[in-house]
Amino acid sequence: MTAQQKPLDEGEYNFAYLDEQTKRMIRRAILKGIAVPGYQVPFASREMPMPYGWGTGGVQVTASILGADDCLKVIDQGSDDTTNAVAIRGFFEKTAGVETTFETSKASIIQTRHRIPEKDLREDQIIVFQVPIPEPLRFLEPRETETRKMHALEEYGLMHVKLYEDIAKNGHIATTYAYPVLVNNRYVMDPSPTPKFDNPKIDKMAALQLYGAGREKRIYAIPPYTEVKSLDFEDYPFEVQKFDKPCGLCGAENVYLDEVILDDKGGRMFVCSDSDYCEERREAGHLGPMAADPNAMTLAGGTSDQHSEEPAR
Amino acid sequence: MTDFFSDDPLLQVNGVTRYYGDRIGCRNVSFQLWPGEVLAIVGESGSGKTTLLNCLSTRLAPTAGAIEYRMRDGAMRNLYQLGEAERRLLMRTDWGFVHQNAADGLRMTVSAGANVGERLMAVGDRHYGHIRETATDWLGRVEIEADRIDDDPRSFSGGMRQRLQIARNLVTHPRLVFMDEPTGGLDVSVQARLLDLLRRLVADLGLSVVIVTHDLAVARLLSHRIMVMRHGEVIETGLTDQVLDDPREPYTQLLVSSILQV
């Protein structure tokens, strides 16, 4: 095995940090995951130079599939410029020297924590999720031996017990993130802590979806155009969150919004969680109701400044 | 209930033996259980009652012997030759298991309604309204007020927990229920109420029951037939009234005569 490209750091690291044997091992796990959609494949997760919870699983998956000609986008809660995203993007810039981008449509690999970009992904793109707890049954059945058996025998009644509890206690299904899904009519899967707003995007997505859980040492995958159904009851069907106002900056509707506090006098606004999508819309001339607000503009300006600082390659 | 008058046994046990290393758990136990029949297994602590019950309910593989069960389609099947999926399906649909300690048989962190509804959801019921209606109905049948449906079993008394556990087991209309000291650890008045309830449910539903108990009064009230165990072997078996009124074995005589009289 030879490295795909010389590392930038005078041979200190192999291309994309992981050694080639480790990458082969992870790729085997990924292939198995693709062959059995939604099945959690155990893999020998490596120690990464970042703490657990920062996306060590996602980083290992990305490192294993990254090629020298790939273009990488990293988002955290939909945004390209939050700590986790900046750290991981920097990590791959340093260890792999690949091109990075903020633009969803330009990226060939998108590593994400918690969100799926608003823009539809294409067949030539791969989205990598950072997963904290891959086992959807964990909080109801703590024994790993038992949950594995339940997956093997398709005993998923317990998952509905959780949804039943939600309705009994709150009057509606109150699970808003890590909402369990049935993949390809076989495995129940936890789509990592993405908001359930993104669940419909997982269904029949054109791009390949890879999920990596570093601490729990599991990889799973959803191949393109796989049917993914969110679990629900006949009389309480699955619903996504709805927002009663559009994005404050770009005026987009039917997107996932973050609440941003503007000052200490109760000023706040709702803006697109997907920062690239929001910027693109503003550049195209869309303006939201808060776009004239000076406080809001500082915030918006902050994002585009970051954008222009992106290293040109 | 055509089952009730059937001449074919529901459970056929042949020479069931379980060793723990060199020590005997139970040895060479054979019996048949007919539909609608309640069989009590009595004996002192360590006599192999629970080992036998665990073997019967596929929770513990016997060292030797065969246990056959008549499936709903009428075919006799050896339980330990069933696939694991089939066995687990059987356990959560056609069977029930009532533990001595209700916490072992309940999910303590989810509400009473979800505890009763779990088996329904496990067999594919996906209608919340229906599940809740059935759960409410069953809570009523085990004398738990309907307004406790959203409470955790942790907030229930011992007797209520035990009744909830029974409802949770019976909701899928099982044909065979295993009970391990269902009244153990309850005070006498709660015990009497639970026994009344069990007797009524068993008669109404035509259940077959294998009940393990060291309390001969429980056996007398609930069971039709009785098996007395000692040192892992069945030493006497017969109709409950016959064995308790006219015990043949010296050990059974001792057991019967040692009941405290008030």
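Numbers given for residues are sequential positions, taken from 1 along each chain in its written order. The order in which chains are written sets their letters, starting at A; the order in which ligands are written sets their numbers, starting at 1. This being a predicted model, a pLDDT of at least 70 is required before a residue's local features are given, and a value of 80 or more before pairs of side-chain atoms are given or counted; all residues contribute to the totals for chains, interfaces and linings. Water and hydrogen atoms were dropped before computing side-chain values, which therefore reflect all heavy atoms in the structure.

As annotated in an unreviewed UniProt entry, chain B carries the name Phosphonate C-P lyase system protein PhnK and is attributed to Roseibium aggregatum. Quoted verbatim from the Sequence similarities (unreviewed entry) heading of the UniProt record, the comment on chain B is "Belongs to the ABC transporter superfamily." UniProt positions are given in the numbering used here, feature names are shortened, and annotations may be inferred rather than shown by experiment.

For chain A, the name recorded in an unreviewed UniProt entry is Alpha-D-ribose 1-methylphosphonate 5-phosphate C-P lyase, with Roseibium aggregatum as its organism. Under the UniProt heading Catalytic activity (unreviewed entry), the entry covering chain A gives this text: "alpha-D-ribose 1-methylphosphonate 5-phosphate + AH2 + S-adenosyl-L-methionine = alpha-D-ribose 1,2-cyclic phosphate 5-phosphate + methane + 5'-deoxyadenosine + L-methionine + A + H(+)". In the Sequence similarities (unreviewed entry) part of its UniProt record, chain A is described as follows: "Belongs to the PhnJ family."

Draft legend 1. View of the overall build of chain B. Helix and strand definitions here come from DSSP, where helices need a minimum of 4 consecutive H or I residues and strands a minimum of 2 consecutive E residues; each element is numbered from the N-terminal end. For chain B, the helix and strand inventory stands at 10 helices and 10 strands. Throughout, radius of gyration means the C-alpha value; the globule benchmark is 2.2 Å times the number of residues raised to the power 0.38. Computed over its C-alpha atoms, the radius of gyration of chain B comes to 18 Å, within 12% of the 18 Å expected for a compact globule of 262 residues. Partly exposed residues are those whose accessible area sits between 20% and 50% of the maximum for their type, while under 20% is buried and over 50% is exposed, using a 1.4 Å probe and protein chains only. The proportion of buried residues among the 262 residues of chain B is 55%. A separation of at least 24 residues holds for 67% of the contacts in chain B among residues at least 6 apart in sequence. As displayed, chain B has an accessible area near 11,700 Å², and 49% of this comes from carbon and sulfur atoms. The charge count treats Lys and Arg as positive and Asp and Glu as negative. His and the chain ends do not count. By convention, the charge on Lys lies at NZ, on Arg at CZ, on Asp at CG and on Glu at CD. Charge centroids of chain B, computed over 29 positive and 34 negative side chains, lie 5 Å from each other. The criterion used for residue contact is that any of the two residues' heavy atoms lie within 4.5 Å. The Shrake-Rupley method, run with a 1.4 Å probe sphere, supplies the accessible areas, and residue values consider only the shown protein chains as cover.

Draft legend 2. Representation of the sheet that holds strand E6 (residues 95–98) of chain B within the structure. Residue and element names in this part refer to chain B. A pair of strands counts as paired when DSSP detects no fewer than two bridges linking them. Taken in spatial order, the six strands make up an open sheet running E6-E7-E8-E3-E9-E10, and their pairing is mixed. The open sheet has two edge strands with one neighbour each: E6 and strand E10 (233–239). Strand-to-strand twist in this sheet, taken as the mean axis angle between neighbours without regard to direction, amounts to 15°. Fitted lines through C-alpha atoms give the axes, limited to the stretch in contact for helices. The angle between two N-to-C directions lies from 0 to 180 degrees. Packing of helix H1 (residues 49–56) onto the sheet brings it into contact with strand E3 (38–42), E6, strand E7 (176–180), strand E8 (208–213) and strand E9 (225–230), and relative to E8 it is tilted by some 150°. The sheet strands contacting helix H6 (residues 158–170) are E6 and E7, and the helix crosses E6 at an angle near 165°.

Draft legend 3. Main features of the domain arrangement of chain A. Residue and element names in this part refer to chain A. Its domain assignment divides chain A into domain 1 (10–143 + 176–224) and domain 2 (257–300). The split into domains, and so the bounds of each, comes from an automatic or database assignment of domains. Placing a centre on the C-alpha atoms of domain 1 and another on those of domain 2 gives a separation of 28 Å. Note: buried area is the sum, over both parts, of the accessible area (probe 1.4 Å) each one loses when the two are combined. If you sort the residues of domain 1 by the area they bury against domain 2, Gly 78, Glu 118 and Lys 119 come out on top, with a joint share of 47%. Salt bridges are defined by distance alone: a side-chain nitrogen of Lys or Arg within 4 Å of a carboxyl oxygen of Asp or Glu. Remark: the boundary between domain 1 and domain 2 carries one salt bridge. Ionic pairing is found between Lys 119 and Glu 280, a salt bridge with its closest N-O pair at 2.7 Å. Counting of polar contacts relies on pairs of N or O atoms within 3.5 Å, with two restrictions inside protein: one atom must be capable of donating a hydrogen and the other of accepting it, and residues adjacent in sequence are counted only when both atoms are side-chain atoms. Our count for the contact surface shared by domain 1 and domain 2 stands at seven residue pairs in polar contact (both at pLDDT 80 or more). Among the residues forming the side of domain 1 that touches domain 2, the class breakdown is two nonpolar, four polar and six charged. For this scheme, ten residues count as nonpolar: Ala, Val, Leu, Ile, Met, Phe, Trp, Tyr, Cys and Pro. Four count as charged, namely Asp, Glu, Lys and Arg, and the remainder, Gly too, count as polar.

Draft legend 4. Examining helix H1 (residues 20–35) of chain A more closely. Residue and element names in this part refer to chain A. By this rule the span expected of a helix is its residue count minus one, scaled by 1.5 Å. Counted at 1.5 Å a residue, the expected span for H1 with its 16 residues is 22 Å, and the 22 Å between its end C-alpha atoms agrees. Among the residues of H1, Glu 20, Thr 22, Lys 23, Met 25, Ile 26, Ala 29, Ile 30 and Gly 33 are the ones counted as buried. On its buried face, H1 is in contact with strand E1 (41–42), helix H2 (56–65), strand E8 (208–213) and strand E9 (218–222). Sitting at the amino-terminal end of H1 is Asp 19, which places a side-chain oxygen 3.2 Å from the backbone nitrogen of Gln 21.

Draft legend 5. Inspection of the interface of chain A and chain B at higher detail. In this assembly, 21 residues from chain A lie in contact with 22 residues from chain B. Interface of chain A and chain B: buried area, both sides summed, is about 1,900 Å²; carbon and sulfur atoms make up 58% of it. It is Glu 155, Val 161 and Tyr 164 of chain A in chain A that bury the most area against chain B; as a group they hold 29% of the surface buried on that side. The tally of links from chain A across to chain B stands at six salt bridges. The salt bridge involving Glu 155 of chain A is made with Arg 92 of chain B; its shortest N-O contact spans 2.9 Å. When residues of the side of chain A that touches chain B are traced back to their parent elements, those giving at least two are helix H4 (144–152) and helix H5 (157–170) of chain A. The biggest single contributor to the side of chain A that touches chain B is H5 of chain A, with nine residues.

Draft legend 6. Region of the structure containing the side chain of Asp 70 of chain A. Residues and elements named next belong to chain A. Here Asp 70 lies in the loop between H2 and strand E2 (71–76). Buried charge without a salt bridge: Asp 70, with Arg 27 as the nearest opposite-charge side chain at an N-O distance of 9.4 Å. Of the polar contacts made by the side chain of Asp 70, one reaches the backbone nitrogen of Gly 67; its length is 2.8 Å. Reaching out from Asp 70, the side chain makes a polar contact with the side chain of Ser 108 at a distance of 2.6 Å. The residues touching Asp 70, leaving out its near neighbours within four places in the chain, are Ile 65, Val 98, Glu 99, Ser 108 and Ile 109.

Draft legend 7. Here's a closer look at the sheet that holds E2 of chain A. All names here are of chain A. Within the open sheet, the seven strands sit side by side as E1-E9-E8-E5-E4-E2-E3. Their pairing is mixed. Looking at which strands have only one partner, the edges of the open sheet turn out to be E1 and strand E3 (99–100). Along the sheet, helix H3 (residues 83–95) contacts E2, E3, strand E4 (109–113) and strand E5 (126–130); its crossing angle with E2, the most-contacted strand, is approximately 160°.

Draft legend 8. A look at unusual backbone geometry. All names here are of chain A. The residue Ser 192 is not glycine, and still its phi comes out positive at about 55°. Secondary-structure assignment places Ser 192 in the loop between strand E7 (187–189) and helix H6 (199–202). You can call Ser 192 buried: its relative accessible area is 1%.

Draft legend 9. Structural detail: the side chain of Ser 275 of chain A. Residue and element names in this part refer to chain A. Within the secondary structure, Ser 275 is located in helix H7 (residues 275–283). Take Ser 275: its relative accessible area is 12%, and that puts it in the buried class. At 3.4 Å, the side chain of Ser 275 and the backbone nitrogen of Asp 80 are in polar contact.

Draft legend 10. Broad picture of the domain arrangement of chain B. All names here are of chain B. Partitioning chain B into domains gives domain 1 (11–94 + 174–260) and domain 2 (108–173). Computed over C-alpha atoms, the centres of domain 1 and domain 2 are 25 Å apart. Every contact between the two is made by 18 residues of domain 1 and, on the other side, 16 residues of domain 2. With both chains or domains summed, domain 1 and domain 2 bury close to 1,500 Å², and 63% of this area falls on carbon and sulfur atoms. The tally of links from domain 1 across to domain 2 stands at two salt bridges. For Arg 200, the salt bridge identified is with Glu 143, shortest N-O distance 3.7 Å. At the junction of domain 1 and domain 2, the tally comes to seven residue pairs in polar contact (both at pLDDT 80 or more). Looking at the side of domain 1 that touches domain 2, the elements with two or more residues in it are helix H2 (84–93) and helix H7 (188–205). Sort the elements by how many residues they give to the side of domain 1 that touches domain 2 and H7 lands first, with eight residues. Split into classes, the residues belonging to the side of domain 1 that touches domain 2 amount to 12 nonpolar, one polar and five charged.

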